[in-house]
Amino acid sequence: MKRVWFNRGLVAGKLSLSAQDRGFTLGDGVFETMAVNQDVALWRFEHIERLRGAALELGIAFPDADIENAIDALTHRTRDHHVLRLTLTRGEAGRSLAGGNATPTLIGIVQPFDGNLRFQPVTLATSGIRRNLHSPSVRIKSISYVDNILAAREARVADADDALLLNTAGRVSCITIGNIFLELNGELLTPSLTEGVLPGIMRRAVIGLARLGGIIVREKQVKVADLAKADCIFITNSLRFVRPVSKLDGKRMSTRSKLMDRIMQGLLNAEQEQIILK
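Reading the values: the criteria
Residues numbered from 1 in each chain as written. Predicted model: local features only at pLDDT ≥ 70, side-chain atom pairs only at ≥ 80, totals over all residues. Heavy atoms only, no water. Axes fitted to C-alpha atoms, helices over the stretch in contact; angles between N-to-C directions. Helix = DSSP H or I, 4+ residues; strand = E, 2+ residues; numbered from the N terminus. Left-handed = near helix turned anticlockwise from the far one by under 90°. Contact = heavy atoms within 4.5 Å. Nonpolar A, V, L, I, M, F, W, Y, C, P; charged D, E, K, R; others polar. Pairing = 2+ DSSP bridges. Parallel < 35°, antiparallel > 145°, perpendicular 65-115°, else oblique. Phe/Tyr/Trp six-rings, centres within 6.5 Å; stacked < 30°, edge-to-face > 60°. Buried < 20%, exposed > 50% of the residue type's maximum accessible area, 1.4 Å probe, protein only. Lys NZ or Arg CZ within 6 Å of the ring centre and 35° of its normal. Core = buried A, V, L, I, M, F, W, Y, C linked by side-chain atoms within 4.5 Å. Salt bridge = Lys/Arg side-chain N within 4 Å of Asp/Glu carboxyl O.

*Asks:* Can you tell me about the packing of helix α2 (residues 44-58) against helix α3 (residues 64-75), naming the residues and giving the values?
*Replies:* Interaxial distance between α2 and α3 falls to 12 Å at its minimum, and their mutual angle equals 140 degrees. α2 and α3 meet at a crossing whose hand is right-handed. Side by side, α2 and α3 meet where Arg44, Ile48, Leu51 and Arg52 of the first sit next to Asp64, Ile67, Glu68, Ile71 and Asp72 of the second. Grouping the constituent residues of the contact of α2 with α3 by class yields four nonpolar, no polar and five charged.

*Asks:* I'd like to hear about the side chain of Arg203, residue by residue, with values.
*Replies:* Summarising the element assignment, Arg203 is placed in helix α5 (residues 201-212). Apart from the residues within four sequence positions on either side, Arg203 is in contact with Asn179, Phe181, Thr190, Pro191, Ser192, Leu193, Val197, Leu198, Glu219 and Thr236.

*Asks:* An account of the sheet that holds strand β1 (residues 3-6) is needed here, citing residue identities and associated values.
*Replies:* Strand order in the open sheet made by the six strands is β2-β1-β6-β5-β3-β4, with antiparallel pairing throughout. The strands lining the two open edges of the sheet, one partner per strand, are β2 (9-11) and β4 (40-41). In this sheet, strand β5 (residues 82-89) lies alongside strand β3 (residues 29-37) in antiparallel orientation, the contact comprising eight bridges. Bridge pairing in β5 places Val36 opposite His82. Contacts from α2 reach β3, β4 and β5, with the element oriented near 175 degrees to β3.

*Asks:* Explain the packing of α5 against helix α7 (residues 258-276) to me, using residue names and the numbers behind them.
*Replies:* Following both chains from N to C, one finds α5 and α7 inclined at 110 degrees, their axes separated by 10 Å at the closest point. Looking at the two axes, α5 sits roughly perpendicular to α7. For the crossing formed where α5 meets α7, the hand is right-handed. Here Met202, Ala205, Val206, Leu209 and Ala210 of α5 lie close against α7, whose contacting residues are Ile263, Gly266 and Leu267. Residues belonging to the contact of α5 with α7 are distributed by class as follows: seven nonpolar, one polar and no charged.

*Asks:* Describe the environment of Arg44, and please don't skip the residues or the numbers.
*Replies:* On the secondary structure map, Arg44 appears in helix α2. Counting along the chain gives eleven residues from Arg44 to Thr33, while the straight-line C-alpha distance between them is 10.0 Å.

*Asks:* Account for the packing of aromatic side chains, with residues named and values stated.
*Replies:* The final tally for this structure, using the stated rule, is four aromatic pairs. Their ring planes at 75 degrees and their centres at 5.4 Å tell us that Phe31 and Tyr145 sit as a pair that is edge-to-face. Of this pair, Phe31 sits in strand β3 while Tyr145 sits in the loop between β7 (122-131) and α4 (146-157), and the two are 114 residues apart along the sequence. Judged by centre distance (5.9 Å) and plane angle (85 degrees), the rings of Phe119 and Phe241 are edge-to-face. Taken together, the residues span a long stretch of sequence, with Phe119 in the loop between β6 (105-112) and β7 and Phe241 in strand β14 (residues 241-248) at a distance of 122 residues. Owing to a relative accessible area of 0%, Phe241 belongs among the buried residues under this scheme. Members of the aromatic cluster, connected to one another through ring pairs, are Trp43, Phe119 and Phe241. Sitting over the ring of Phe31, Arg85 keeps its end group 4.0 Å from the ring centre. Above the face of the Phe241 ring, Arg118 is positioned so that its terminal group lies 4.6 Å from the ring centre.

*Asks:* Any chance you could break down the nonpolar core for me, citing the residues and the numbers?
*Replies:* If you look at the biggest cluster of nonpolar residues, it comprises 29 residues, and the most contacted ones within it are Trp43, Leu188, Val206, Phe234, Val242, Ile263 and Leu267. Among the elements of the structure, α5, β13 (232-237), β14 and α7 are those that each provide at least two residues to this core. The element that contributes the greatest number of residues to this core is α7, accounting for seven residues. Contact partners of Ile263, with chain neighbours within four places excluded, come to Leu188, Val206, Leu209, Ala210, Phe234 and Val242. Core analysis: the next-biggest nonpolar cluster, separate from the first, contains 22 residues, Ala41, Ile48, Ala54 and Leu106 among them.

*Asks:* Now, about the pattern of salt bridges: what can you tell me, with residues and values included?
*Replies:* Following the criterion strictly, the structure yields 15 salt bridges and no others. Between Arg52 and Glu49 there is a salt bridge, and its shortest N-O distance comes to 3.0 Å. A residue pair is termed a helical-turn pair when its members lie 3 or 4 positions apart in one helix, as Arg52 and Glu49 do in helix α2 at three residues. Residue class for Arg52 comes out partly exposed when judged on its relative accessible area of 27%. Residue Glu49 is classed as partly exposed on the basis of its relative accessible area of 31%. Here Arg171 and Glu195 are joined by a salt bridge, their closest N and O atoms 2.6 Å apart.

These figures come from the coordinates and say nothing about function on their own.
Given below as structure tokens:
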């Protein structure tokens, strides 16, 4: 089932988007992508709060009621696995880069998603594109996604599923669509948020579940050399949950880990709990 929301209601057919909308002309906007299962947008509150924070950082008005109404309408009777994306732009606000007071544009879309993609192995290739440690854009889900697009295209040329992104200091940062974890000597390592890392919703969930289960998680600087020492590497995002890395730059990696299995099961339990408590 596919549905589209535009500003304050569900729509059918094409949208009447202004040619001067700053999301279109300048990439002046933010977005969130949520997994939906059995009519429930998973980790809904966390996604809304991240979207709110990103809008606040850019000075975009946040239409709270419209956001909530959009999610309710889009997820209603979706039943099986779907993906929901909300895009919020500054709207039509003149030519000044700083922008002025404007009515934001809200677009939402929900469509079927293959739930079998979750937990499947993934191959990575290191990109030549670097995440800027000092850029505010790495902290938010801006619709200006050029670096990620170019890195993903590099990965495709390298016959990999996704790209590993280093930061401008040459340390491990993330992948184009999520975060990265290393298992080493029974502990989890993940790059800290100061390493040019987007604060992923699934990243937070994994850290929380791991610590509840007595697993030590260290958020720190991760060097490229640490990747070779890892017992297992996995990536996280809100749609695919956890995916073990089976190959990095052509080198095969182990995809079996009791620790990772515990985290996967914990995420499935957390998903079921959200559905039961909706």
